[in-house]
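# Fold and geometry: a report
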Amino acid sequence: MRAALFQAWKTLLAHKVKSILAVVAIVWGLVSIIVLMALGEGFYQHYSASFSLLNSDSQYVQPSQASKPWQGLPVRRNIRITEQQVERLRESPFVEQLAIVYENWEARVSDAHGISITSFVAGTESSYLPLVKQGLTKGSRNLNHSDEHHHSRVALVGDLLARRSHLAVGDKIKVHGIPFQVIGILADADGVNFFANSDRVFIPSSTFQDIWKKEISNLMVKPVSGVNGEQLRRNLIDFFAKQEHFDPSDNDALYLPDFSASGKVLMSILHGIQIFLACSGAMTLAVGALGVANIMFLSVTERTREIGVRLAIGAAPRTILAQFLIEGMLLAFFGALLGLSIAILVVFLLSKMHLPSWIGVPVVTSDSIGVALFVTCVLAILAAYFPARRAAGLTPVVALSARV
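What the UniProt record of the chain gives under Sequence similarities (unreviewed entry) is the line "Belongs to the ABC-4 integral membrane protein family." Under the heading Subcellular location (unreviewed entry), UniProt records this for the chain: "Cell membrane".

Put into structure tokens, the structure is as follows:
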């Protein structure tokens, strides 16, 4: 085996140009597949985090209208959620956490110079942002129980509103003419914005009620462990049906969107994008493998007389086959080693560049390396085998009489 490797190495050195071209073809294909898979993985991780709300069991609850008569009560009557009902709901065995949301779409909000910046204010609790998987920028803090208890005049500002109005943590704004301090800026949702949070102002729910005295607009509810989304929705309908006296089979009385169905579709799309990028890279690698095969066929043609001499002096066809296979595998080995190093370097440089945020940060995973190396090995074996089989199939008479 050592002698065969040494002989293959000497042969490759004797045909440097062809060997370099073969290695370059493999390097190009391997770099393509790893970089594309790294971009796909970064894209997937970025948006799977953005879509985490869709894959959670947290449930959005919004009161609507009864669509069925019940116990003498008419249809189309408005369903209300009261604070007393919410407190009872907090004690329910199927609820782990919830957050109240009050909304005012006609509020007057201005910056320190009196310039109007938005009309959308929400009053909520400290649990709201974690329940909707919404982050904050560096230096920000969330609302807390102290803010709620002391009716603090503090505010969180959506990322889009903050950019448009040039607001930063510590700035002052006025809500309904009352000064509020900005304590946090919502993190950029990169277009994944299910509740229009990027353009609104959040204040403590107690402070909101001091100003406007409105009814609860909606809730975010997180179930206890072991209760899935479907069970939670059924429990919520039963709970509020008793509280508000509507038919438990009336699915229109409460708006309870099932985010999980959309989440599965979106995650499938993300996986599809990953597969498409991986296949694109694999096709590039396949083109490189064809280049290697052509170079190997050319090598067999140029060395026909040499093969004939070796066969004439007693070399077995399997020895010729093994010789060319080893040469092909050596080319694949050096190409894979160099290609993997360059691919990791390229991905590292891309991760340090200021790419558009929607692309995410490219990531090289062990799975992508494994897939790339497996595809490389398979294609390299195929690219080397057929030229090697052709060489082993030559007869000494034909090979020695060949004109090269």
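## Let's talk about the overall build of the chain
From N to C terminus, the chain includes 13 helices and eleven strands. Relative to its full complement of 404 residues, the chain shows a buried share of 47%. In the chain, 79% of the contacts between residues at least 6 apart in sequence involve partners at least 24 apart. Accessible area for the chain stands at about 20600 Å²; split by element, carbon and sulfur atoms hold 62% of it.

## Regarding the pairing of strand E8 (residues 178-185)
Here strand E6 (residues 154-157) pairs with E8 via four bridges, running parallel. Bridging across to E8, Val157 finds its partner in Ile185. Between strand E7 (residues 172-175) and E8, which pair antiparallel in sequence order, lie two residues; one of them, His176, sits at a positive phi of approximately 55°.

## With respect to the nonpolar core
Core analysis: the biggest nonpolar cluster contains 43 residues, and Leu89, Val121, Ile173, Leu219, Val221, Leu236 and Phe240 have the highest contact counts within it. Per-element accounting of this core gives the leading share, six residues, to helix H8 (residues 229-244). Beyond its immediate chain neighbours, meaning those up to four positions away, Leu219 contacts Gln59, Tyr60, Val61, Ile81, Val86, Leu89, Ala99, Ile100 and Phe240. Listed in part, the 32 residues of the second largest apolar core include Ile33, Ala372, Ala380 and Ala383.

## Notes on helix H7 (residues 205-212)
Taken across its eight residues, H7 has six buried, putting it largely inside the fold. All of the buried residues in H7 are Ser205, Ser206, Thr207, Phe208, Gln209 and Trp212. Phi turns positive one or two residues past the end of H7, at Lys213, with a value near 55°.

## Quick look at the environment of Thr207
By the secondary structure assignment, Thr207 is in helix H7. Residue Thr207 is classed as buried on the basis of its relative accessible area, which comes to 4%. When the C-alpha positions of Thr207 and Ser152 are compared, they lie 6.5 Å apart, and in sequence the two are 55 residues distant. Sequence-distant contacts of Thr207, that is, excluding residues within four places in its chain, are made with His151, Ser152 and Phe180. Looking at Thr207, its side chain comes within polar contact range of the main-chain oxygen of Ser152, at 2.8 Å.

## Quick look at the pattern of salt bridges
Counted under the stated rule, the structure contains ten salt bridges. Residue Glu96 is joined to Lys222 by a salt bridge in which the shortest nitrogen-to-oxygen separation is 3.6 Å. Remark: Lys222 occurs in strand E10 (residues 218-223) and Glu96 occurs in strand E2 (residues 95-104); sequence separation between them is 126 residues. Judged by relative accessible area, which is 32%, Lys222 ranks as partly exposed. Note that Asp159 and Arg163 form a salt bridge whose closest N and O atoms lie 3.4 Å from each other. Of the two residues, Asp159 and Arg163 are both situated in helix H6 (residues 159-165); the distance of four residues between them amounts to about one turn of the helix.

## Overview of the side chain of Gln209
Looking at the secondary structure, you find Gln209 in helix H7. Residue classification places Gln209 among the buried positions, given a relative accessible area of 13%. A distance of 2.9 Å separates a polar atom in the side chain of Gln209 from the backbone nitrogen of Lys214. Those residues within four positions of Gln209 in sequence are excluded, and the remaining contacts are Glu83, Tyr102 and Lys214.

## What about unusual backbone geometry?
Although it is not a glycine, His151 sits at a positive phi angle of roughly 55°. Structurally, the position occupied by His151 is in the loop between helix H5 (145-149) and E6.

Definitions and limits used
Residues numbered from 1 in each chain as written. Predicted model: local features only at pLDDT ≥ 70, side-chain atom pairs only at ≥ 80, totals over all residues. Heavy atoms only, no water. UniProt positions renumbered as here; feature names shortened; annotations may be inferred. Helix = DSSP H or I, 4+ residues; strand = E, 2+ residues; numbered from the N terminus. Buried < 20%, exposed > 50% of the residue type's maximum accessible area, 1.4 Å probe, protein only. Contact = heavy atoms within 4.5 Å. Areas by Shrake-Rupley, 256 points an atom, 1.4 Å probe, with all protein chains shown as cover. Pairing = 2+ DSSP bridges. Core = buried A, V, L, I, M, F, W, Y, C linked by side-chain atoms within 4.5 Å. Polar contact = N/O pair within 3.5 Å; in protein donor to acceptor, adjacent residues only side chain to side chain. Salt bridge = Lys/Arg side-chain N within 4 Å of Asp/Glu carboxyl O.

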